[in-house]
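Chain and residue survey
These are the residues of each chain, in order.
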Amino acid sequence: MESRTDITVSARNVGLDYNRIHQQAITVLRNITFDVKRAEFVVILGPSGCGKTTLLKTICGLISVTEGELIVDGEPPDIAKSRHKAVMSFQDACLLRWRTVLENVRLPEELGDQRTGNAAAMLELVGLSAFANAYPDELSGGMKQRVALARALNCQPTILAMDEPFGQLDEPGRATLNDELLRAWKNTQVTVVFVTHSVPEAVYLADRIIVLTQRPSTIGRVIDVPFARPRNAFLRSDPQFFALCNTISAILSSPAA
Amino acid sequence: MNRSIRSLLGQRVRHAAFGLCILIGALVVLETIVKFFHISSYLLPPPTTIFYKLFENWGTIAPHLMVTTVEALTGFLLATVIAICLAVCCLWFPTLEKLILPMAVILQTVPVIVLAPVLVITLGNGIASKVVIAALIAFFPTFINAARGLVSIETPHLELFQTLNANRWQTLLKLRVPTALPYLFASLRIAAANCYIGAVIGEWVSASKGIGYLAQVYLYQINIDLLYATVLTSSFAALAFAYAIGLVETLMCPWSRESLGTQRP
Ligand SMILES: Nc1ncnc2c1ncn2[C@@H]1O[C@H](COP(=O)(O)OP(=O)(O)O)[C@@H](O)[C@H]1O
Ligand SMILES: [Mg+2]
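Computed from a prediction, not measured in an experiment: that's the story for all the values here. (Residues numbered from 1 in each chain as written. Chains lettered and ligands numbered in written order. Predicted model: local features only at pLDDT ≥ 70, side-chain atom pairs only at ≥ 80, totals over all residues. Heavy atoms only, no water.)

Brief notes about the overall build of chain A
What counts, and what does not: Secondary structure counts use DSSP, requiring at least four H or I residues in a row for a helix and at least two E residues in a row for a strand, with both numbered from the N terminus. Here the globule rule is a power law, 2.2 Å times the number of residues to the power 0.38, and the radius of gyration is based on C-alpha atoms. The cut-offs for exposure are 20% and 50% of the maximum accessible area for each residue type, with area from a 1.4 Å probe on protein chains only; residues under the lower value are buried, those over the upper are exposed, and the others partly exposed.
In terms of regular secondary structure, chain A is built from nine helices and nine strands. For 257 residues, the compact-globule estimate of 2.2 N^0.38 gives 18 Å, and the C-alpha radius of gyration of chain A, at 18 Å, lies within 12% of that figure. In terms of principal-axis extent, the alpha carbons of chain A reach across some 50 × 45 × 45 Å. Considering chain A as a whole, with its 257 residues, one finds that 55% of them fall into the buried category.

Right under this line is the structure:
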């Protein structure tokens, strides 16, 4: 019983088929089994089109698995979703252009049954208090993603599922946001499941990296990232960091992956 | 944002002033042509004569313009409310859309001039028949655009609202409606002109007051100057109404590209 509270996501032989209109159903996920511990930072890597986004959506209760069992914070994903326990953030920041930054961060407080939240504090956490009254059209790509992060955190989720959130940013912008994210993660004790296609980003952020295989995908490898926290820019030039990056890149590009 | 709304409004006013200048220029050209080629005033009265007649007879025309405006605006309001409600229904019950859309198209393809006498017979030659004709002709663009606007949200935004566990009303009011507003306003401006046309056609068929009625009287008197003057007043009223709608759009959705007017490709 005790171990149960330590686990926020538990997947047992999860499989998923997409039923398509006018086409055969395709199997995207097959036999996926993993656990994510509370407050852990897990990164998912895999070839494009293998089902990473799909996996995040099942965790967040946006689509239901067709096989196996998925438990999110002790509950089925759709129940967890209805309590704002699992929240997804997207590659596109998805801000509403008719709302100010603060109003965007406040959005979760107005939706569902949730009536709590602290938008101002979340904005402070991502360092954008000065832009509370700006409109999304006035922000840079990195700032938009920070607002999206603040909005997701304002749900006070147990699990934050992030789908290539910094994929459209340049390298320095991405590095800055990686540090911001790690700080927010540490402050809020949220569990993060993070999808990226950048190996260095994965190694920099993760406690553990799950590598998915080609579709129909299953778990290829699970890699523990041993580097101490808090991590900073020095890690990026550490030879061990490079070595791990190379190992993972090799796994990704091997035909078995 | 206040400042930027003000600048957007300023932009609208400048655009209108520019349009007015073009109009005046065109009238001057027209005047010159009419005078130069000695065109008979039965065919085309010179603009100055029309405006002179308009001022001279303003006392006669104004009450009729008022009647037409009441009919047109009531029809517009009716059409807008029904169109938006139907668009929302179509969004939530897609089968309904398959039912309504063909009917709306058929209604649109029947010429109003054919429909108008029928409506006057059934609803009498009072204000009701004109309101309905105005509404009929204003309905179609608003319905089509509202329905289109409500579904033209991007998938990620919809998924965002799903992940935040929004119910359908919240998704409607906080996502779909704001997204649809620019679409809606584009059609409301068309409808603003259309509803005046509808009201005038209704009056033309059978009425005892209104611009359509008065125009017919002047036509039978072969008073072409006044005919032009009368019809022009309703045109200007429709123009002013469409312009007012544009101002409301600027106030209600300053984020709309349309009203920003600067981000055209
Ligand atoms: N709604 C859907 N219906 C049918 N097939 C889908 C749908 N969404 C994704 N797919 C398919 O599932 C596979 C995995 O998609 P996705 O999870 O987006 O991959 P990834 O995020 O790893 O690039 C792709 O082949 C894609 O074509
Ligand atoms: Mg993806």
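Once the structure has been displayed, the description carries forward.
Considering the site of ligand 1
Residue and element names in this part refer to chain A. As a reminder, the rule being used: One heavy atom suffices: a residue is near a molecule or strand as soon as one of its heavy atoms comes within 4 Å of it. We call two N or O atoms a polar contact when they sit within 3.5 Å, provided that within protein one can donate a hydrogen and the other can accept it, with sequence-adjacent residues counted only if both atoms are side-chain atoms. Residue-level accessible areas treat just the shown protein chains as cover; the underlying method is Shrake-Rupley with a 1.4 Å probe. Each residue is assigned to one of three groups, with Ala, Val, Leu, Ile, Met, Phe, Trp, Tyr, Cys and Pro labelled nonpolar, Asp, Glu, Lys and Arg labelled charged, and all others, Gly among them, labelled polar.
Neighbouring ligand 1 are Tyr18, Arg20, Ile26, Val28, Ser48, Gly49, Cys50, Gly51, Lys52, Thr53, Thr54 and Arg215. Here threonine 53 contributes a side-chain N or O atom positioned 2.6 Å from an oxygen atom of ligand 1. Burial of ligand 1 by the protein amounts to 64% of the accessible area it has alone, namely 560 Å². Within the residue set of the shell around ligand 1, elements represented by two or more residues are strand S2 (26-37) and helix H2 (52-59). The dominant element in the shell around ligand 1, judged by the number of residues it contributes, is H2, at three residues. Partitioned by chemical class, the residues of the shell around ligand 1 number four nonpolar, five polar and three charged.

Side note on the interface of chain A and chain B
The following threshold applies: Note on contacts: a residue pair is in contact if any heavy atoms of the two residues lie within 4.5 Å. By definition, the buried area sums, over both parts, the 1.4 Å-probe accessible area that each loses when the two are put together. Between Lys or Arg on one side and Asp or Glu on the other, a salt bridge is scored when a side-chain nitrogen of the former is within 4 Å of a carboxyl oxygen of the latter.
Contact residues are listed per partner, giving 25 residues for chain A and 18 residues for chain B. Interface area for chain A against chain B, summed over the two sides, is near 2,000 Å², with a carbon-plus-sulfur share of 62%. Of all residues in chain A, A:Arg97, A:Trp98 and A:Leu111 bury the most surface against chain B, accounting for 31% of the area lost on that side. Remark: the boundary between chain A and chain B carries two salt bridges. For the pair chain A and chain B, the number of links is seven residue pairs in polar contact (both at pLDDT 80 or more). Elements with a minimum of two residues in the side of chain A that touches chain B: helix H3 (77-82), strand S5 (86-89) and helix H4 (101-110) of chain A. Here the side of chain A that touches chain B is composed, by residue class, of 15 nonpolar, three polar and seven charged.

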